[in-house]
Structure formats: structure tokens, C-alpha cells
Amino acid sequence: MLNKITIILFFSVLCGYLGNAQKSAKIDSFFQKIEIDTLFEDKISIRSLTIDKDKIWFAADQNRYGFYDVKKSEKVIYKLSKDSLKFECRSSAITPNHFFALTIASPALLFRVDKKKLNTELVYQNANENVFFDSLQFWNSKEGIALGDPIDNYFSIIITRDGGKTWQPLANSVFYKNIEGEGAFAASNTNIVIQGNHTWVVSGGKSARIFHSADKGKSWTVAETPIIQGQQMTGIFSAAFYDQSIGCIAGGNYELPNQNFGNKAITKDGGKTWQLIAENSGSGYISCVQFVPNSKGNGLVTIGATGIHYSSDGGASWKLISSDTSLYTLRFIDEFTAIAAGKNKMIRLSLKK
């Protein structure tokens, strides 16, 4: 297996009229080359990445969490413990001083780890037999939110306002009752997206909706989306927002991984309305979508069942940059570097102009 793959991609966009209706060709440079190299391989499943300067923190299966030190080219793995339980973490987050890892199924356990001392404390647990957590994010160093599948027809949403020391359930009265068969997917820790005080939460299954809060989870609105829905494994698996206006949702049908229609949509109004993009082209089932930083909302990368795809025009057209289907999640370090991870590996994408 090659450790480095170099893929040459040429992107050019011809722009329209300038000035007094005179036509002018303008080349949009974007990226001429994308290099992919493997940071490490191991028998591990990683669905959650958080970027912390030179360290890439991750949560994983078999009670494991850790980080990859980019400067030292070193992988460090630790184990969480609670009695003799065996569990998997698919949600994680960081604050300036702490790393958080959240298990998926019952009993749900949320651990708070001191990033320097590596002292670990259990800050939340839920033994309900139906509990299943999907995503975890922080607005700032004090306030964070986690999303779990519905219990008694409402999403299990917990919020902290004290740096993750304590977590309280969001009152059902300020959220929306779930449609029967509506849930969320723990695919890549991207069911929750935060931009400033704004928060978006996405759903899937029998319904594919997006919920929005402009005040860090105190009040909410909801909007319908055109993403394919109606079956247990359909809907929105991932969301990303470039800013408070431009966003992308992605997913599809997990059981029909090559189906590439009804699986990606764009908003320009903060999620109030959505338009499907690139129907019958680009990736099939998508587990993660991310915007390229400083791309004015035009650069997008998806990870999914048919590989890694890249768009330089806001999702209107896509290029396959790798047929690797073993990856689940991706995060950008900066506008030229992204880290992806999944089944048994972590890789780096270097975007070069």
C-alpha cells in the first residue's frame, strides 16, 4: 500500500459579465494538487476528531481515546474506564483545558479529561436502556451541548454552562417533539454544528429536519429539508456551516451506498430553506461534509461510501480525489490541510495551489 498518493486536479471556473455587460474570463485558482499521506494505521475505529493546534484528538472504540501529535509524528492512545464496562465513543470535543469523550449506548458515559495531567472524571451518565448519543460540541470554554436519539419522543439533549463539570437535560418545552421514526446518526460527530451563538442540529430516519438556535440552545426553530427520508437508514448524517448563512447538509441512504441523489443540499439563509445540489453526481452515501476554510463557502469535501470528493463551486460539481472508503470523519486544520480518520487509519490531505 502506498503511503502517499498524489492526485492532480485541475479546477477552473469561468465567470460571467463584469462592468457594463462585457464578458470576461476569470480563472478561480483553488487547488491544482492534493496530496494524501497516511499518519498512522492501527486496529481502531475513529468517528470523531477535534483539532487542537498541533494535536489531533480522537475518540474511538474499545474504551480508547488519544491524539496524534503532528509535530512529533507520534500517536498516543489512552483508555477510559468505568467498572468493567466495554464501550465505544463516537462523540468528542475540546475546550482550552479539557478533552471530552461521550459513549454511544447505555449506559451513556461522558468523560472530562485534563489535557495536561490526563486526570479523568465522569461528569455525566445515563442508564436508560434507550439512550444513544450521536454528537458533542462546545460554544466556548464554558458552554457545550450533546445530542442523543429520542427517548419518549424527544431528542436527548444535554447542556453544560460550567465548563463541562455538570450537564442538564434540555427541557422538552423548548424543543420539538420527534416525528415517529426520526432520530440521529453517530456517523462523524457532525450532527451538531456551531457558529458563534448559533447552533444547528440535524435528524434522519423517517424525517430529515434541521433545528436551529440563535441563543446557544435556549430557544429553537425547525425547518424541513429535501434530503431523502422515510426509511430507518435515510436522512441527514452530517452538516457543516461556513458561516451563519451558508451551510451544507449531507447523507443519503446508508443501505444504498452508491445512490447519489437526494443526499446533499445547500442553504444561503442560515438553514431556513434548502436546495438539493449535484443530483446524480458526486458521492453516494456521505458520513461527513466539511467546508474548506477561507473558500468563501465554495470549497467542500465529503467523506463517504464511494470515497473522498471535492467541490470548488459550492457543491454544484464534484471531483473524486480518493476511492478510499474506509474513512468516516474529517476536519480541517487550516485552508490547506485536513485530517480524516475511520477504520484502522488516520490520513492527512494537503491541498496545494
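Residues numbered from 1 in each chain as written. Predicted model: local features only at pLDDT ≥ 70, side-chain atom pairs only at ≥ 80, totals over all residues. Heavy atoms only, no water.

Chemist: Break down empty space enclosed by the protein for me, with residues and values.
Modeler: Considering all chains together, one arrives at one cavity of 30 Å³ or more under this definition. Here the largest cavity is characterised by a volume of approximately 30 Å³. If you trace the largest cavity, you find it lined by Tyr154, Phe155, Ile157, Leu170, Asn172 and Phe175. The residue makeup of the lining of the largest cavity, split by class, is five nonpolar, one polar and no charged. (1 Å grid on protein atoms, 1.4 Å probe; cavity = no way out; pocket = protein on both sides within 12 Å on 5 of 7 lines; lining within 4 Å. Points joined across faces, edges and corners; volume = space filled by probe spheres on them. Nonpolar A, V, L, I, M, F, W, Y, C, P; charged D, E, K, R; others polar.)

Chemist: Pulling in residues and values, what's your account of the pattern of salt bridges?
Modeler: The tally for this structure, following the rule as stated, stands at 13 salt bridges. Measuring nitrogen to oxygen at the nearest pair gives 2.9 Å for the salt bridge that ties Asp324 to Lys345. Taken together, the residues Asp324 in the loop between β29 (319-322) and β30 (327-334) and Lys345 in strand β31 (residues 337-352) connect sequence positions 21 residues apart. Note on accessibility: Asp324 and Lys345 belong to one class, buried. (Salt bridge = Lys/Arg side-chain N within 4 Å of Asp/Glu carboxyl O. Helix = DSSP H or I, 4+ residues; strand = E, 2+ residues; numbered from the N terminus. Buried < 20%, exposed > 50% of the residue type's maximum accessible area, 1.4 Å probe, protein only.)

Chemist: I'd like a rundown of the pairing of β31, residues and numbers included.
Modeler: Among the 16 residues that make up β31, 12 are buried, leaving the element largely enclosed by the rest of the structure. When strand β4 (residues 33-52) meets β31, the two strands line up antiparallel, connected through nine bridges. Within β31, the position partnered with Ile34 by the bridge is Leu351. Taken together, β30 and the strand that follows it, β31, pair antiparallel across an intervening segment of two residues. (Pairing = 2+ DSSP bridges.)

Chemist: Describe the sheet that holds strand β13 (residues 144-151), listing the residues and the values that go with them.
Modeler: Pairing is antiparallel in the open sheet, where four strands are placed in the order β12-β13-β14-β15. Lying at the two open borders of the sheet, with one neighbouring strand each, are β12 (133-138) and β15 (168-169). As defined by bridge partners, β13 adjoins strand β14 (residues 154-160) across seven bridges and the pair is classed as antiparallel. Residue pairing in the sheet places Ile145 in a bridge with Ile159 of β14.

Chemist: Just give me the short version of the pairing of strand β27 (residues 300-304), but keep the residues and values in it.
Modeler: By the criterion of burial, β27 is predominantly enclosed, with five of the five residues buried. Where strand β26 (residues 286-291) and β27 come together, five bridges link them in antiparallel fashion. Residue pairing for β27: Phe291 is matched across the bridge by Leu300. Pairing geometry for β27 and strand β28 (residues 307-311), over five bridges, is antiparallel. Residue Gly304 lies in a different strand from β28, and its bridge partner there is Gly307.

Chemist: Kindly report on the sheet that holds β27, identifying the contributing residues and their values.
Modeler: The sheet built from four strands is open, its strands ordered β26-β27-β28-β29 with antiparallel pairing. What marks the edges here is a single partner per strand, and that holds for β26 and β29. The sheet shows a mean angle of 25 degrees between the axes of neighbouring strands, taken without regard to direction. (Axes fitted to C-alpha atoms, helices over the stretch in contact; angles between N-to-C directions.)

Chemist: Break down the packing of aromatic side chains for me, with residues and values.
Modeler: Taken as a whole and assessed by the stated rule, the structure comprises 24 aromatic pairs. Between Phe155 and Phe211, the ring centres sit 6.0 Å apart and the planes meet at 90 degrees, which makes this aromatic pair edge-to-face. Taken together, the residues Phe155 in strand β14 and Phe211 in strand β20 (residues 209-213) connect sequence positions 56 residues apart. Taking relative accessible area as the criterion, Phe155 reaches 5% and is therefore assigned buried. Judged by relative accessible area, which is 0%, Phe211 ranks as buried. Above the plane of the ring of Tyr328 lies Arg47, whose end atom (NZ or CZ) is 3.8 Å from the centre. (Phe/Tyr/Trp six-rings, centres within 6.5 Å; stacked < 30°, edge-to-face > 60°. Lys NZ or Arg CZ within 6 Å of the ring centre and 35° of its normal.)

Chemist: Tell me about the layout of surface pockets, residues and numbers included.
Modeler: What the largest pocket holds in volume is close to 730 Å³. Mapped onto the lining of the largest pocket, the elements with two or more residues apiece are β4, β8 (89-94), β12, β17 (192-195), β22 (234-241), β26 and β30. With four residues, the top contributor of residues to the lining of the largest pocket is β17. Among the residues making up the lining of the largest pocket, the classes are represented as 17 nonpolar, seven polar and one charged. Size it by volume and the second largest pocket reaches roughly 580 Å³. Forming the walls of the second largest pocket are 27 residues, and the residues nearest its centre are Phe185, Ala186, Met233, Phe237 and Tyr254. Only β16 (182-183), β19 (204-205) and β30 provide two or more residues apiece to the lining of the second largest pocket. In terms of residue class, the lining of the second largest pocket is made up of 13 nonpolar, eight polar and six charged.

Chemist: Report on the nonpolar core, specifying residues and quantitative values.
Modeler: One finds Ile308, Leu330 and Leu349 to be the most contacted residues of the largest nonpolar core, which totals 17 residues. Secondary-structure elements contributing two or more residues to this core are β4, β27, β28, β30 and β31. Leaving out residues up to four positions away in the same chain, Leu330 has contacts with Leu49, Cys288, Gln290, Val301, Ile303, Ala338, Ile339, Ala340 and Leu349. Counting residues in each nonpolar core, the second largest holds 15 residues, with Phe100, Ala108, Val131 and Ile151 among its members. (Core = buried A, V, L, I, M, F, W, Y, C linked by side-chain atoms within 4.5 Å. Contact = heavy atoms within 4.5 Å.)

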